[in-house]
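Letter by letter, the chains look like this.
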Amino acid sequence: MANSLQEQLLKAGLVSEQKLKQTKTQKRKNKRQGGDEEALAQERRARQARAEKERRDRELNRERDEQARRKAEANALRQLIHDNRVRRERGDLAYNFTDGNALKRLYVNTEQHRGIVDGRLAIVRQDTFYELVTAQTAARVAERDPSLVLVLNRPGGGQETDDEYAEFQVPDDLMW
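Residues numbered from 1 in each chain as written. Predicted model: local features only at pLDDT ≥ 70, side-chain atom pairs only at ≥ 80, totals over all residues. Heavy atoms only, no water.

(A) Focus on the sheet that holds strand E6 (residues 149–151). Taken in spatial order, the 4 strands make up an open sheet running E1-E5-E4-E6, and their pairing is antiparallel. Pairing within the sheet leaves two strands with one partner each, and these edge strands are strand E1 (85–86) and E6. Direction of pairing for E1 relative to strand E5 (residues 129–134): antiparallel, over a ladder of 2 bridges. When the sheet's bridge partners are listed, Val 86 is paired in E5 with Leu 132. Helix H3 (residues 110–118) contacts E1, strand E4 (121–126), E5 and E6 of the sheet and is inclined by roughly 90° relative to E4. Of the strands in this sheet, E4, E5 and E6 touch helix H4 (residues 135–144), which is tilted by about 120° from E5. (Pairing = 2+ DSSP bridges. Helix = DSSP H or I, 4+ residues; strand = E, 2+ residues; numbered from the N terminus. Contact = heavy atoms within 4.5 Å. Axes fitted to C-alpha atoms, helices over the stretch in contact; angles between N-to-C directions.)

The structure is reproduced here in structure tokens:
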């Protein structure tokens, strides 16, 4: 019983010696080709996995570069505001303005108040506090991020030709 089925069939005379050799040869060839196909399939899967990993890595690098670029732009804007801010001496005049839905108040002196009203000075948000900057600096900040410029009055922008109250004089000391 130690004989293989092929040897048993040969002894029984059901198969010839030549047919047995052909079968063994064919079996060896099939095994070798199957192994090659399996190796090719495995190599193909490995190539696909590498390509997918490279695609994910490129995407992560692109996102990381984009975050670094945004952070650098924010730092440059913060530096621009910091370098060009107007020193504020605490004054007794309150200038009221809105930041989103909140009403804010900034105390300035008379000269600075006149500069804000005339459009020579502007109020910008820097992180969680507010700074006075020149109108030129505010325009540069608005080019990069308009949401940071809270008050930038345009000179002569409040005069309308068909204003009903144009003939009435507005007192200089009127504050809202």
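(B) Molecular detail of the layout of surface pockets. By volume, the second largest pocket is sized at about 200 Å³. In terms of lining, the second largest pocket is formed by Glu 73, Ala 74, Leu 77, Arg 78, Ile 81, Arg 125, Gln 126, Asp 127, Arg 144, Asp 145 and Leu 148. For the lining of the second largest pocket, the element with the most residues is helix H2 (residues 17–83), which contributes 5 residues. For the lining of the second largest pocket, a count of residues per class yields 4 nonpolar, 1 polar and 6 charged. (1 Å grid on protein atoms, 1.4 Å probe; cavity = no way out; pocket = protein on both sides within 12 Å on 5 of 7 lines; lining within 4 Å. Points joined across faces, edges and corners; volume = space filled by probe spheres on them. Nonpolar A, V, L, I, M, F, W, Y, C, P; charged D, E, K, R; others polar.)

(C) Structural view of a positive patch on the surface. There is a patch of like positive charges on the surface, built from Lys 24, Arg 28, Lys 29 and Arg 32. Structurally, Lys 24 can be placed in helix H2. (Patch = residues over 30% accessible without salt bridge, like charges linked within 9 Å, V, L, I, M, F, W, Y side chains within 5 Å. Areas by Shrake-Rupley, 256 points an atom, 1.4 Å probe, with all protein chains shown as cover. Salt bridge = Lys/Arg side-chain N within 4 Å of Asp/Glu carboxyl O. Lys, Arg positive; Asp, Glu negative; His and termini not counted. Charge placed at Lys NZ, Arg CZ, Asp CG, Glu CD.)

(D) Representation of the packing of aromatic side chains in the model. Going through the model one piece at a time under the given rule, you end up with 1 aromatic pair. Here the aromatic rings of Phe 97 and Tyr 130 are separated by 5.2 Å at their centres, their planes lie at 80°, and the arrangement is edge-to-face. Of this pair, Phe 97 sits in strand E2 (residues 93–99) while Tyr 130 is found in strand E5, placing the two residues 33 residues apart along the sequence. For Phe 97, a relative accessible area of 3% translates into the label buried. Overall, the relative accessible area of 15% leaves Tyr 130 in the buried class. (Phe/Tyr/Trp six-rings, centres within 6.5 Å; stacked < 30°, edge-to-face > 60°. Buried < 20%, exposed > 50% of the residue type's maximum accessible area, 1.4 Å probe, protein only.)

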